[in-house]
Amino acid sequence: MVIRRGDEVTAFENRCPHAGWPLDTFDGRFLTTEAGALICAAHMAVFDARSGACLGGPGQGRGLTRLAVQSDGERWLISGLALAAE
Ligand code: FES
């Protein structure tokens, strides 16, 4: 999953550290109503959208796996994927 805020791009593996399920297993949504947080729909673990650290729920003490992101000026390169910068 990729989160873009202006020129800041953050990417995480879509796998919850609690039980290994994709965060959007049931409803296709990742974001909480609180700014800056991601939620796993399986058992409601909440993660910081910038660091991936678990903020609450059954993922406590563990975090999302963050993927390396680089820009070549035209594209964002995310662990072998290339996404247009616009
Ligand atoms: S698998 Fe994500 S909270 Fe359980």
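Residues numbered from 1 in each chain as written. Predicted model: local features only at pLDDT ≥ 70, side-chain atom pairs only at ≥ 80, totals over all residues. Heavy atoms only, no water.

**Quick word on the pairing of strand β1 (residues 2-5)**
Pairing of β1 with strand β2 (residues 8-12) involves four bridges; the strand directions are antiparallel. Residue pairing in the sheet places R5 in a bridge with E8 of β2. (Pairing = 2+ DSSP bridges. Helix = DSSP H or I, 4+ residues; strand = E, 2+ residues; numbered from the N terminus.)

**A closer look at unusual backbone geometry**
At M44, a position not held by glycine, the phi torsion is positive, near 70°. You can see M44 is positioned in the loop between β3 (37-39) and β4 (46-48).

**Concerning the sheet that holds β1**
The sheet built from three strands is open, its strands ordered β1-β2-β6 with antiparallel pairing. Edge positions in the sheet fall to β1 and β6 (66-67), since each of these pairs with one other strand and no more.

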